[in-house]
Every structure is written in C-alpha cells, then in structure tokens.
Amino acid sequence: MATSSRTSVALPETFSDGDIVLWLRKFELCSTANDWKDTDMLKRLPTLLSGKAFAVFERLAAEAKEDYKTLTKALTAAFGEDTTGKHLAMMAFRSRTRKPDEDIQVFAYNLEALLRRAMPKIENGDRDVLLQQQFIEGVPTELKRELLQRPSMSYEEMVAVAQRLDLVSQISSHQTGSQVNLASASDNLQTTTRDQPLVAQLMENVETLTRKVIELSVSVANVNATSARNSTRGRRGPCYQCGKMGHIANECRSTGNGSRQPNYRQRSAENYCFVCGQIGHFARECRFRYQSPVAGQP
C-alpha cells in the first residue's frame, strides 16, 4: 500500500484544558492549510489532546467519535456548556486584567473568549456592554481615565482608541527615559568639569607626600645602618694591638716597632717597655732607648 510523502504544513499546540472553542478554531485553520478532509480531521484531532481533554475524549460514547462535527460538539459541551464551566469562565472574566506588556488586542481577545465560554448565547448588545465594562476595569489607571472621558464609544472603537493611546504612552515613556539619561549625562559632565581643579590639586598633594615618604624612608635606612655599625663596634672588645676600644688588631694603626704589642691586661700585670713594646723590662732598661752622647767622647 502506497503511503503519502506529504507532511503537515501546520499543527496547533496540544490542548489539555481551557478555551476549547478557540483551540478548535486553530485546529480547523491548520486543517484547511493542510487540505484535510473531515475524515482526516477526525483521525488527527485525538492525537493533539492531552491531560483533561484526552480523558474527556476517552469517556465519550463511541457514537460521538464516529463523526467530526459530533465529536467537536461533544467536546465543546464538556468544556463549557455545563453550569460549573460557565461559572468558572465568568469568574475568570470578572477578574481578568491586562498583564504587563500585554498587547491591547490580545487582552481584548482573551476577554471575548472568556465571555463566550461564560455566556455563549448572550446577545451582541449585552455582550458589548459587559466587554466594555471589563475592558475599562482591566487597563491601567492612566488609560482608564482617558477611556472614561469617551462614554459614547462602542466596544470596538474603545479597543482601537486604547491601542493608539497605549502606543503614544509607550513612545512618551521612551522619550522621557532618553531625556532623563541625557540630563544625567550632562550633569555628570558638568560635575566632572567643576571637579577638575580639585582633582589636579589632590594629585599634586599625593605626589608631594609620596616624595616625602621616599625621602623619609631613605633617611631612616641611613640611620638604621649607622646604628647597626655603631652597635657592632660597641660589641667588640679592646684592640689586642693597642688596647683601645672601637677597632680590632687588624684595623689598628699603632704597630710600634713592627712587633705585636701586648694587650692592656698584660700591660697591667707585667713590666712593659714603652720604647720597644716588649714585656719583661721597663723603658729605662731598654737597650733601644736613646742615649745622648757623653761629652768628650768621639
């Protein structure tokens, strides 16, 4: 058996609960686009039902599933023509307000769908009155004030006027926001211009303080180095060459006659010659002591 390779052009979203009349309208539009006959629509409609809608379909009598028109009539009755469904639809209609950023046309269409479910047999005059009242109640205060000043308009005229007023409000809000941003940018620029001398002075002060800190750091480093040297010298003992403090024998400039001089302790404990620097005799006994020539000797 040959199968058709043709694919569906469009399909409505899966239906579970809500406005069955609206969904069936979408389904029939898709059926027309796909060139489906009633038999095709009868086979494809159940595949697009889910949740509550599919449960309702399963509980229908077999006779209701044999014809497309009979099936849609049974589904419509199950989702709206009972008293409970109408009451719930009317409650939703009375509490329906325009959602943030919702288009006026979409809001009006949803009101019409809810009223159609709540009162399917209402006359057109009464229908327009109820829609007009709820439409005014559901829009923001600014738009409501404008619409109340035009009491002679019909419902369709009111929707068209509300669409224009809403568009004007959006444009005005955008321009106001742009002006506020421009004014804020201008104020910031003026503030920056006024503060430029102060900023320059602050930067100069910072540079001056930085230089002073660097100079102070160098001075402190020099003082610390000098203190360290003095502290090191203070910890040294006496020079073993001359017995003085402040240097060691390798740094001593007092070398005597080229021989090592005793330390100060040895000087105090033994005889010390100040002529030759040796221990064991005094200067008057030193053979290196200078003696003036005796008169009369050659």
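Cut-offs and rules
- Residues numbered from 1 in each chain as written.
- Predicted model: local features only at pLDDT ≥ 70, side-chain atom pairs only at ≥ 80, totals over all residues.
- Heavy atoms only, no water.
- Helix = DSSP H or I, 4+ residues; strand = E, 2+ residues; numbered from the N terminus.
- Buried < 20%, exposed > 50% of the residue type's maximum accessible area, 1.4 Å probe, protein only.
- Contact = heavy atoms within 4.5 Å.
- Areas by Shrake-Rupley, 256 points an atom, 1.4 Å probe, with all protein chains shown as cover.
- pLDDT = per-residue confidence, 0-100.
- Axes fitted to C-alpha atoms, helices over the stretch in contact; angles between N-to-C directions.
- Parallel < 35°, antiparallel > 145°, perpendicular 65-115°, else oblique.
- Nonpolar A, V, L, I, M, F, W, Y, C, P; charged D, E, K, R; others polar.
- Salt bridge = Lys/Arg side-chain N within 4 Å of Asp/Glu carboxyl O.

An unreviewed UniProt entry annotates the chain as Zf-CCHC domain containing originating from Paramuricea clavata.

1. A short note on the overall build of the chain
Helix and strand content of the chain: 10 helices and zero strands. When the helices and strands of the chain are read in sequence order from the N terminus, they spell out α-α-α-α-α-α-α-α-α-α. Taking all 298 residues of the chain together, the buried fraction comes to 27%. Here the analysis covers contacts within the chain between residues at least 6 apart in sequence; of these, 42% occur between residues at least 24 apart. Accessible surface for the chain amounts to roughly 21,200 Å². Of this, 54% is attributable to carbon and sulfur atoms.

2. Digging into the confidence of the model for the chain
Per-residue confidence for the chain gives a mean pLDDT of 77; residues scoring 70 or more make up 72%. Contacts of residues 1-5 to residues separated by more than four positions or lying in other chains number zero contacts, the stretch itself having pLDDT below 50. Note on residues 294-298: pLDDT under 50 across the span, and zero contacts to partners over four residues away in sequence or across chains.

3. Re the environment of Phe15
As for its position among the elements, Phe15 is in the segment before α1 (20-33). On the basis of relative accessibility, which here comes to 5%, the residue Phe15 falls in the buried class. A C-alpha to C-alpha distance of 6.7 Å links Phe15 and Ala53, two positions 38 residues apart in sequence. Excluding residues within four positions of it along the chain, Phe15 makes contact with Ile20, Trp23, Leu48, Leu49, Ser50, Ala53 and Phe79.

4. Looking at unusual backbone geometry
Its identity is not glycine, yet Asp35 carries a phi of approximately 60°, on the positive side. Along the chain, Asp35 turns up in the loop between α1 and α2 (38-44). For Asp35, a relative accessible area of 46% gives the class partly exposed. A positive phi angle is found at Asp101, which is not glycine, with a value near 65°. Tracing the chain through its elements places Asp101 in the loop between α5 (83-95) and α6 (104-118). On the basis of relative accessibility, which here comes to 80%, the residue Asp101 falls in the exposed class.

5. Quick notes on the packing of α5 against helix α7 (residues 124-138)
Working note: a packed helix pair is described by the angle between its axes plus the distance between those axes. One way to put it is that α5 packs onto α7 with a least axis distance of 8 Å and a crossing angle of 45°. In terms of their interaxial angle, α5 and α7 are classed as oblique. Residues Phe93, Arg94 and Ser95 of α5 form the contact with α7, whose own contacting residues are Leu130, Leu131, Gln133 and Gln134. Of the residues assigned to the contact of α5 with α7, the class counts are three nonpolar, three polar and one charged.

6. Concerning the pattern of salt bridges
If you walk through the whole model with that rule in mind, you get six salt bridges. The shortest N-O distance in the salt bridge between Arg98 and Asp166 comes to 3.0 Å. Of this pair, Arg98 sits in the loop between α5 and α6 while Asp166 sits in helix α9 (residues 155-235), placing them 68 residues apart in sequence. Here the two residues Arg98 and Asp166 agree in accessibility, since each one is buried. Here Glu146 and Arg150 are joined by a salt bridge, their closest N and O atoms 3.6 Å apart. The exposure class assigned to Glu146 is partly exposed, which follows from its relative accessible area of 31%.

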